[in-house]
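What follows is the residue order along each chain.
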Amino acid sequence: MDRNYYNSVSDLDLQRGGYYPQKIEFFEKNLKNLKNRFQRDLRILDIACNDGYLAQIYSKYGSVSGVDLNEEAVKKAKESGIDAVVGDVFEIDTIFSEKKFDVVIAGDIIEHVFDTDLFLKKIYSVLDTN
């Protein structure tokens, strides 16, 4: 996002949990391109999936798993059909030890992580790099 965007939208738009149209458009465009490249449904991990709102959108492109610290948010995500679990971002390698993902989405989370190097290593550990 750029300065023009943040200065052109209303406070209400910015308070919708980060679900602004440009963000959704960005992820959908890239997921669609990856799905076309892989020629199959994607395996997607949504880190800090919150209530599963965005994960539901991502599910058009494949199967989505989610992880979040907030138990109530994970409960809502599960109610909307997302395979979500309560967990810490630094535990994804053990939480998903039996799964590998084509795509890991960590939107609006890295700025809250102190050890970003370890965070990125954990993400890499669950990516299917074959």
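Residues numbered from 1 in each chain as written. Predicted model: local features only at pLDDT ≥ 70, side-chain atom pairs only at ≥ 80, totals over all residues. Heavy atoms only, no water.

1. Description of the packing of aromatic side chains
Okay, so step 1: With the rule as written, the count across this model stands at four aromatic pairs.
Okay, so step 2: Measuring from ring centre to ring centre gives 5.4 Å for Phe 26 and Phe 27, while their planes differ by 70°; the resulting arrangement is edge-to-face.
Okay, so step 3: According to the relative accessible area criterion, Phe 27 is buried, its value standing at 15%.
Okay, so step 4: Chaining the aromatic ring pairs together yields one cluster made of Phe 26, Phe 27 and Tyr 58. (Phe/Tyr/Trp six-rings, centres within 6.5 Å; stacked < 30°, edge-to-face > 60°. Buried < 20%, exposed > 50% of the residue type's maximum accessible area, 1.4 Å probe, protein only.)

2. Re the sheet that holds strand β4 (residues 103-105)
Okay, so step 1: The four strands are arranged β3-β2-β1-β4 in an open sheet whose pairing can be described as parallel. Only two strands of the sheet have a single partner each, and these edge strands are β3 (83-86) and β4. When the angles between neighbouring strand axes are averaged without regard to direction, this sheet yields 20°.
Okay, so step 2: Note that strand β2 (residues 62-68) and β3 share four bridges and pair parallel. Looking across to β3, one finds that Ser 65 is bridged to Asp 83.
Okay, so step 3: Its contacts with the sheet place helix α3 (residues 21-38) against β1 (42-47) and β4, and it is angled at close to 150° to β1. (Pairing = 2+ DSSP bridges. Helix = DSSP H or I, 4+ residues; strand = E, 2+ residues; numbered from the N terminus. Axes fitted to C-alpha atoms, helices over the stretch in contact; angles between N-to-C directions. Contact = heavy atoms within 4.5 Å.)

3. Concerning the environment of Phe 27
Okay, so step 1: As for its placement among the helices and strands, Phe 27 is situated in helix α3.
Okay, so step 2: In this structure, the C-alpha to C-alpha distance between Phe 27 and Ile 57, residues 30 residues apart in sequence, is 9.3 Å.
Okay, so step 3: With residues near it in sequence (within four places) discarded, Phe 27 still touches Tyr 58, Ile 105 and Gly 107.

4. Details of the side chain of Glu 28
Okay, so step 1: Of note, Glu 28 is situated in helix α3.
Okay, so step 2: The exposure class assigned to Glu 28 is buried, which follows from its relative accessible area of 19%.

5. Describing unusual backbone geometry
Apart from glycine, the bulk of residues carry a negative phi angle, and the bulk of peptide bonds sit in the trans form.
Okay, so step 1: Located in the positive-phi region is Gln 39, a residue other than glycine, with phi close to 60°.
Okay, so step 2: Following the sequence through the fold, Gln 39 ends up in the loop between α3 and β1.
Okay, so step 3: Positive phi is not limited to glycine here, since Asp 108 has a value of about 60°.
Okay, so step 4: Mapped onto the elements of the fold, Asp 108 is located in the loop between β4 and α7 (116-126).
Okay, so step 5: Using a relative accessible area of 40% as the deciding quantity, one classes Asp 108 as partly exposed.

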